[in-house]
Amino acid sequence: MVLIPGYIIFAISLFTVKTIYYHIAISSVVAVALLFLPFKKVKGGFLPISLFLMFAFLGNIFFHPGRIIYDYGFLSVTDEGLYISGVRTLRVFSMVFGAKILTHLLPLNEMIHSLDRMFRPLEKTGLPVRDFFQMMGLTLKAFPVLIKHISDEYNEIMKSKDVTGFSSSIKYIVSFMMQVFVKSIQSPESFFSTEGNAERN
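The structure reproduced in this document is the subject of the present report. Only a predicted model underlies this, so the values are computations on that prediction, with no experimental measurement involved.

This part is about the pairing of strand 2 (residues 75-78). Taken together, the four bridges between strand 1 (residues 68-72) and strand 2 define a ladder with antiparallel strand orientation. Bridge pairing links Y70 to V77 in strand 2. In sequence, strand 1 turns back onto strand 2 through a hairpin of two residues, with G73 there showing a positive phi of about 65°.

For the coordinates displayed, the defined rule picks out two aromatic pairs. Ring geometry for Y7 against F10: centres 5.7 Å apart, planes inclined by 45°, an arrangement best described as tilted. Residue Y7 and its partner F10 are located together in helix 1 (residues 3-16), separated by three residues, close to a single helical turn. Taken as a pair, Y7 and F10 share a single burial class, namely buried. A ring pair is formed by F93 and F97, whose centres lie 4.9 Å apart and whose planes are at 45°; its orientation type is tilted. Within this pair, F93 and its partner F97 are both found in helix 5 (residues 79-105), separated by four residues, close to a single helical turn. Judged by relative accessible area, F97 falls into the buried class, the value being 2%.

Let us now look at a nonpolar patch on the surface. A cluster of nonpolar side chains, contributed by L47, L51, M54, F55 and L58, occupies part of the molecular surface with about 510 Å² of accessible area. Inspection of the secondary structure assignment puts F55 in helix 4 (residues 46-61).

Cut-offs used in this document
Residues numbered from 1 in each chain as written. Predicted model: local features only at pLDDT ≥ 70, side-chain atom pairs only at ≥ 80, totals over all residues. Heavy atoms only, no water. Pairing = 2+ DSSP bridges. Helix = DSSP H or I, 4+ residues; strand = E, 2+ residues; numbered from the N terminus. Phe/Tyr/Trp six-rings, centres within 6.5 Å; stacked < 30°, edge-to-face > 60°. Buried < 20%, exposed > 50% of the residue type's maximum accessible area, 1.4 Å probe, protein only. Patch = residues over 30% accessible without salt bridge, like charges linked within 9 Å, V, L, I, M, F, W, Y side chains within 5 Å. Areas by Shrake-Rupley, 256 points an atom, 1.4 Å probe, with all protein chains shown as cover. Salt bridge = Lys/Arg side-chain N within 4 Å of Asp/Glu carboxyl O.

Keep in mind these values describe shape, not function.
Next comes the structure, spelled out in structure tokens:
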């Protein structure tokens, strides 16, 4: 219960404290904490996160007033631009990998239960807080079943058809996903039917 409010305060501090030294210190603590996580946990999503951090840095470093550090044609890097891009990039790094640490320390089911207890007082205002978090919990439980069902069905279809070449693969993937989309609208319960899975096996 303490971890979630702690992370919320942590995230708020990243936006309210502007000094670069604070962000360097926080990101250093987060980086050290990542060393104690399983490598698989840290590696997950590392490439897209790295690309996002790179774009966050490059997207904020140019076109700021200040003392010019580097100038190349119409592109110039100033001390102010370097400061702003550094703060914003470190902020994203700390938030994203701080969330990874949080999910490692607190399983999703416990996290949802903690959020439910945190926001339960809002039910007095008429907000369906309990129903929302119950639905979220059911969705998380059902998601692995849904992924397995779609994966098994896709593998069976691809085995039964003679698919050669990249364009043919894309064609069948699009066709299959359209069928899944239509089926999810018409009869979503069929994805979780044990009878349907038994017949398929």
